[in-house]
Each structure stands twice: as C-alpha cells, then as structure tokens.
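Listed below, chain by chain, are the residues.
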Amino acid sequence: MSRGKSTCRILKEIRRQIAEANDIEFITSECRYQGDCPGTCPKCEAEVRYLEEHLERRRTAGKAIALAGISAGMLATSSLQAQEPEKNSADKTITPQEVIAASVKRYLKITDFHYIEDSAFISRKDSTIQVLEEERKREVEKYGEWEPAEGLMDEYPRMRPVQDSRGYFRAIFIEPYINENIRYPEGVDDLEGDIEIQFTVTQQGKIQNIQLKKGLHPLLDKEVLRMMKEMPDWFPALVNGIKIESTVSMTLRLETERATIVAERKDLLVKGTVSDESGNPLIGASITEKGTENETLSDSSGAFKLKVPKNATLTVCFVGMETQEVQARKDTPLDIVLRQDRQLMGEVPVEESCLPGVIETMPEFPGGIHGLTEHLATRIRYPEGVQEMEGRVIVQVTIDEDGYVKAPLMVKGLHPLLDKEALRVVSGLPRWKPGLIRGKPARMKYTIPVFFKKKETAYGN
Amino acid sequence: MCLTKVFTAPLIGISRHRLLTDGEGISTLVAFHGCPLRCKYCFNPQSWEHEERCERLDCATLYERTRMDELYFLATGGGITFGGGEPCLRSGFITEFCRLCGNDWQITVETSLNVPQPHIEKLLPAVNRFIIDIKDMNPDIYRRYTGQGNEQVLTNLRLLQRQGRAADCTLRLPLIPGFNTEKDRNRSVEQLKAEGFACFDLFTYITPKNQQP
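Residues numbered from 1 in each chain as written. Chains lettered and ligands numbered in written order. Predicted model: local features only at pLDDT ≥ 70, side-chain atom pairs only at ≥ 80, totals over all residues. Heavy atoms only, no water.

Draft legend 1. How the structure looks around the overall build of chain A. A tally of regular secondary structure across chain A gives nine helices and 23 strands. Looking at chain A residue by residue over its 461 residues, the buried ones come to 45%. Across chain A, the fraction of contacts at a sequence separation of at least 24, relative to all contacts at a separation of at least 6, is 71%. Accessible surface, chain A as shown: approximately 24000 Å² in total, 50% of it carbon and sulfur. (Helix = DSSP H or I, 4+ residues; strand = E, 2+ residues; numbered from the N terminus. Buried < 20%, exposed > 50% of the residue type's maximum accessible area, 1.4 Å probe, protein only. Contact = heavy atoms within 4.5 Å. Areas by Shrake-Rupley, 256 points an atom, 1.4 Å probe, with all protein chains shown as cover.)

Draft legend 2. Spatial organisation of the confidence of the model for chain B. All names here are of chain B. Per-residue pLDDT for chain B averages 85, and the proportion of residues at 70 or more is 91%. Scored below 50 in pLDDT, residues 209-213 makes six contacts in the model with residues more than four places away or belonging to other chains. Interface predicted TM-score (ipTM) for the complex: 0.79; the corresponding pTM is 0.45. (pLDDT = per-residue confidence, 0-100.)

Draft legend 3. Here's a closer look at the nonpolar core. By size, the foremost hydrophobic cluster in this structure holds 70 residues, and its most contacted members are B:Phe82, B:Phe97, B:Trp105, B:Ile132 and B:Leu157. In contact with B:Phe97, not counting residues within four places along its chain, are B:Cys59, B:Leu62, B:Tyr63, B:Thr66, B:Ile80, B:Phe82 and B:Trp105. Core analysis: the second largest hydrophobic core is formed by 23 residues, A:Ile182, A:Val188, A:Leu191 and A:Leu254 among them. (Core = buried A, V, L, I, M, F, W, Y, C linked by side-chain atoms within 4.5 Å.)

Draft legend 4. Broad picture of helix H2 (residues 42-60) of chain A. Residues and elements named next belong to chain A. Its 19 residues give H2 an end-to-end C-alpha distance of 27 Å, which sits within 8% of 27 Å, the value for a rise of 1.5 Å per residue. For H2, the complete set of buried residues consists of Lys-43, Cys-44, Glu-45, Ala-46, Glu-47, Val-48, Tyr-50, Leu-51, His-54, Leu-55 and Arg-58. Looking one or two residues beyond H2, the residue adopting positive phi is Gly-62, at roughly 80 degrees. (Expected span 1.5 Å × (residues − 1).)

Draft legend 5. Representation of the state of the cysteines. Residue and element names in this part refer to chain B. The final tally for this structure, using the stated rule, is zero disulfides over all chains. The cysteine Cys-101 is free of any disulfide, with Cys-98 supplying the nearest cysteine sulfur at 5.0 Å. Taking the relative accessible area as the measure of exposure, Cys-101 reaches 7% and is therefore buried. (Disulfide = S-S within 2.5 Å.)

Draft legend 6. Inspection of the pairing of strand S6 (residues 129-133) of chain B at higher detail. Residues and elements named next belong to chain B. The element S6 is largely enclosed, with a buried count of five among its five residues. Both faces of S6 are covered, namely the face carrying Arg-129, Ile-131 and Asp-133 and the face carrying Phe-130 and Ile-132. Pairing analysis gives four bridges linking strand S5 (residues 106-111) to S6, with the strands arranged parallel. Looking across to S6, one finds that Thr-108 is bridged to Arg-129. For the handedness criterion, the β-α-β arrangement of S5, helix H4 (residues 117-123) and S6 is classed as right-handed. In the sheet, S6 pairs with strand S7 (residues 169-175) via four bridges, with the strands oriented parallel. Within S7, the position partnered with Ile-131 by the bridge is Thr-170. (Pairing = 2+ DSSP bridges. Right-handed = clockwise from strand over helix to strand, strands pointing away.)

Draft legend 7. Here's a closer look at the pairing of strand S20 (residues 405-412) of chain A. Residues and elements named next belong to chain A. Bridging between strand S19 (residues 391-399) and S20 involves five bridges; their strand directions are antiparallel. Its bridge partner being in S20, Ile-394 is matched across the sheet by Lys-412. Between the antiparallel neighbours S19 and S20 lie five residues, among them Gly-403 with a positive phi of about 90 degrees.

Draft legend 8. Fine view of the sheet that holds strand S23 (residues 444-452) of chain A. Residues and elements named next belong to chain A. The antiparallel open sheet is built from three strands, whose spatial order is S20-S19-S23. The sheet terminates laterally at S20 and S23, the two strands that pair on one side only. Averaged over all neighbouring strand pairs, the angle between strand axes comes to 30 degrees, with direction disregarded. Across nine bridges, the pairing between S19 and S23 is antiparallel. The partner of Ile-399 across the bridge, within S23, is Met-444. (Axes fitted to C-alpha atoms, helices over the stretch in contact; angles between N-to-C directions.)

Draft legend 9. Fine view of helix H7 (residues 182-194) of chain B. End to end, H7(B) covers 18 Å across 13 residues, agreeing with the expected 18 Å (1.5 Å per residue, within 8%). The secondary structure elements touched by the buried residues of H7(B) are helix H5 (139-146), helix H6 (151-162), S7 and strand S8 (200-204) of chain B.

Draft legend 10. Fine view of the sheet that holds strand S12 (residues 286-289) of chain A. All names here are of chain A. With antiparallel pairing, the four strands of this open sheet are ordered in space as S13-S12-S15-S16. Each edge of the open sheet carries a strand with a single partner, namely strand S13 (295-297) and strand S16 (324-327). When strand polarity is set aside, the average angle formed by the axes of neighbouring strands in this sheet is 25 degrees. Bridge count between strand S15 (residues 313-317) and S16: four bridges; the pairing is antiparallel. Across the sheet, residue Thr-313 finds its bridge partner in S16, namely Gln-327.

Draft legend 11. Inspection of the packing of aromatic side chains at higher detail. All names here are of chain B. Taken as a whole and judged by the stated rule, the model has 12 aromatic pairs over all chains. Ring geometry for Phe-32 against Phe-93: centres 5.5 Å apart, planes inclined by 90 degrees, an arrangement best described as edge-to-face. Taken together, the residues Phe-32 in strand S2 (residues 26-32) and Phe-93 in helix H3 (residues 91-101) connect sequence positions 61 residues apart. Here Phe-32 matches Phe-93 in class, with each residue buried. Here the aromatic residues Phe-32, Tyr-63, Phe-73, Phe-82, Phe-93, Phe-97 and Trp-105 are joined through ring pairs into a cluster of three or more. (Phe/Tyr/Trp six-rings, centres within 6.5 Å; stacked < 30°, edge-to-face > 60°.)

Draft legend 12. Representation of unusual backbone geometry in the model. In this chain, B:Gly84 is followed by B:Gly85 through a cis amide linkage whose omega measures 10 degrees. Tracing the backbone through its elements, the reader meets B:Gly85 in the loop between strand S4 (79-83) and H3. A positive phi angle, close to 45 degrees, is found at A:Ala407, a residue other than glycine. With respect to the helices and strands, the residue A:Ala407 is situated in strand S20.

Draft legend 13. A look at the environment of A:Arg158. Checked against the element boundaries, A:Arg158 lands in strand S2 (residues 158-159). Through-space distance from the C-alpha of A:Arg158 to that of A:Gly205 is 8.8 Å; in sequence the pair is 47 residues apart.

As structure tokens, this is what we get:
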C-alpha cells in the first residue's frame, strides 16, 4: 500500500470515530481516487464537510460534542506508519454499517454574493426619502420582526419570509431555497463547478434582469435561470434604512458527491487487545469482520472495538505476523496474541528492474482476493494419503503483461503431494488483470498462499 | 469596516495530513520562505531563493486554507507546524494566525532558533511546541555547516528554559556526514541536558553522494 493510501485509511478511521462518538450516521463510500491519496480527494473532503455539518447541528441543538483528542490514541506513536498493516487486496473502506441506499447528492453552494456598485445606489439615498419612509413603515407593520435592528440600516437584499398556514412567518434563506427548488436536468450527474449569475432586486423586491455571467452546462444553466425567474419577491437592499434598487452578483458552486447511505448495525460490540508473543501491544493491527469490509485498527495500547453481527468471525492481521481468526464474543474482551510470521503473505516482490516505489497497481485476480480464495477452495483436492495434513503452501507466480500466470515456483512447501496439488491449481488459474506501472501493464511477481485444512475446507487466504 | 494591520508572508508550500512527522497528531506543515542559514545539506533550498515566485498569503487566507482539516486536528491533538525556511522570523504572522485559529489547535514551530530574541519572546504565548534544529553545539562545527554563528541559538535556548518551556522543546541533533561525529553529538547532548532539556531527536542526515566532501 502506498503511503498516501495508508494516510487515507487512517483519516477515514478518524472520521469513523468522530461519527461514532457523536452518534452521527456515517456516510461513506469507496475511495476511487487513483494513486497517492493523502485524504485530499473530493470524496474524502466531502465526508469531512458532512461531519462538520452534523456536528454543527448538534451544537445548535445544544448537544455535547465529543471531539478533542478522541483519536489521539491512534496516533500516539511515531512508528505507526512502519507498522501499518499491509494488505494485498484493493484498498478497503472501513464500514461498520449496512448499506441502505446509494445516491448522488448534489448541492449548490453560494460561494459569492456581492453588490455591483453603481451610481443608482448612491443617488437613491436622498431623492425620495419621504415616500420610501412611508413604505418602510408599512413593511414594518407587516413583517416587523424581519426589519433590520436599530443601527443596522444597510442591508443586502434578502428573501421575504413567507406566511405558513397557521399565519406564522418563516424565514427563507437563499441557499436552502435554491437547493429545495432546483430540478436537476438529466445528464449532469458528474458535473462540478461554478455558475455565476447577475440580477437586479428592484425597490419593490422584484427579481429582474437575470443574466448568466458564467455557465457550467447548458441544461443546468437554463434550470438555474428558471428557478431565479420563479423566485418569490425579496426584501430590497437598504441604505440608511431606505429601500433601493440593487444589482447583485451571485456565484453558485455545484458540488456532487456520490454517496452510499449506510445505517449502523448495532448487534455486538466486541472489545479486545492485540499483542505479540512477548506481550507487547501491536499498534495499527487490522481487525476485520470476515468476508466484509467492516474493519478497525488497534490503538496505541493494542486495544480495539468493533461492531459486528452475532456469530461473526474476526480476522486479525498485522504485517510480519500470522493472520488469526477468532470468534466474536461480547462478554469477555478478546486478548489476541499474534505469532511471528517468517513468510509475508501476498507480498509482491517486483521484477528486479523495478523499484518498489513505482508499483502503481498490483495484479488482480478476477473477483479480487475473495475471488481467488473461492477459486482455490473449490478446485483444491486433497491428494490420497495426506488427508490428515494441514498447513500452508506458498507459491510464487509471475503475472505477465497480458495477465497470464507464468512460472509458478514453490516458495514454501509442506509435503510433495500437497505441493504438487497447489502448483497444479495455481498453474490453472484463469487470466488476471495485469499489474500496472506508470499506467502500463507490466510483469509482476505475486505470492499466493494456499491453505490445506482438514474436513472439506481448503482455501487460500 | 475596521482596518487592522494585515500580516502577509511568502510561503514555499503547504502540506496537509502529515502524521506525526512534525509534531503531535495530524498536522499541516506551512513552510515559509526565507532563512538566515545556508546549511550545506539544506532540505528546502528553495526557501532562500526566488521569493518572487512564492505565493504570498495573509493570515486569514491561510486560516481559510487550513481550517478544512480542523476536525482532524481536534480529534488527534494536531494542528499547524510552521517550518521553512525559518518560521520564527514570521513571529507577527504566526501570532496573528493563532489569534484566528484559537487555542484548540496545536501550534508547532520547526526552527533553528537563530533569530533575534524579540521574535521568540513574541512567540512564547502562541506556540505549543518548539522543534529546534540544534545542528551541533560546537560553534565551529555550526559555523562550518550553516555559515553562521550559534550564539543567538544559545541565547534563545536559555530564554525558553528560563520561561519554563524546556519541556515543550524537542531538540534535533543530527549526525552530519563530514561535519560532526558521534562524539561531538554526545557532547552536545550532555551540554543541553545540563541546560535542563530532556527531549532529543537523534538522527543522521541523508546526503546526496555528490555533495559529500
């Protein structure tokens, strides 16, 4: 995993912890950013904005916010990066939740709103003060609570409050109004960018002379203009408490976020610690609910918490250690001791001519690492006479530019018959998606561990 | 509108999401242009040339640009690390910035301390952690490596110590190939321990072969 991707994972875990500590439904989706992503891609940023928004809502509602130092434990040691567990599967998202819906979320954000200064602005100030004052009095009677407070006589134009069925006035703000009333046309799914419009708010509060100064997409521009035209009347701008006609420039930024809406699955909270054989805590060990992407990392004291359904199996892995599987349980904490592993799993030694830093994409088996697991499990036959043997055989292969498996080589054998069987199955693997170096398919070596287990199960990890 | 003095500073870079590389938690490194030293193996030599190519920002803009990571800062006890170049030469800017960002961000400076004392005095209330690049305590070695004397460094170290800030300092003592030895470094450590400092970062400079004397 590149350094960027590992940063991305840590940042995502912090976001998850913030959401959990504050009871925020966590929205996440898989990071599709190619290459080195230090958590700065638009999707990851959108998740931060989402959390901020929800924290702000909690704050406004007078609820407590848990934030200060809640993830400090994760980063309490400077050796975390070195100990970050390497995984040979594609980058995984950390999702202790169930996907309930996937959606494209779009939002128009007002990034700029300012007057276009003109002479009319000034000349109105003293011309018809008395008439305007009369009008203002009537306005105060009608919308009293919305008039500017004493001393705040200069104001931008703004939307009028509307009267609801019970006769109460409800404030309308431009940004929410726009987002509630815009109807996105078809075919603008992946759009992002700015739309700049200019319009005049007359002395009577009518929106006029709507002009498009900078467009983004013909269909969307048209829709924005429609929405502006149909907008109800505003309060005009005020200078010294007097209504004036004003021209406003407004920039709307379209933000698109492909999100998967997920709901927490609150079945079982498993707690425990991960340590090595000498009892030292392992920091940053990965604890995964088997067969899912529900994952957490152990903190600086080796401790972890993970929500899983009942009867789930946890896979615990750490670089340089043998992967272990344990049954989730609720009442007593799990103390997991990992044994040292001489043979790194799924390690990718690169062709001699390449530097490790330049691997961009590793070869991928159709269906990913789970596909490989299943494929091996269904094809392995225990040879006669060695049914009682269990263990792991490691085979190294080269995946060539076209994705074909070449040159299988026994790295760590177990028994001649089992080794032969492992080589047979690995040699017969279907075509892979080749690894990429600088965007081009390239030969790469790949290490495949093949497990032999009693009963009927035999699988690679 | 109320007009206040606006501090601006030329920056050679802003690097986000640094994990423990310089200071606590997740930090954003803000690197200033300009440095009084001319270290032979300088890591950011762009900090002493072409100021006109640097982006010049005011505090408010820098705050806007860094605020997006506030959640990470708060959750991990991180914040901003000012480096460079020599950040302490921008004490006005940093102080003003800290007024904007409030007390919850961890503010770290990565400095040589080779700056006039008023700068350090000004920074004392604003900065949480000082990462100090001592180089070597031996004035001859220091001068040979940086082109400057280290009297100012010692004065400022004593200021920090007197102000009770020794515990907030991490002192970097590199082995500089061709300039000092393990023996020199041990001597520096002893000397600094005697001054009341306890947190040291010992490492070796990695130098390009062609620069090795």
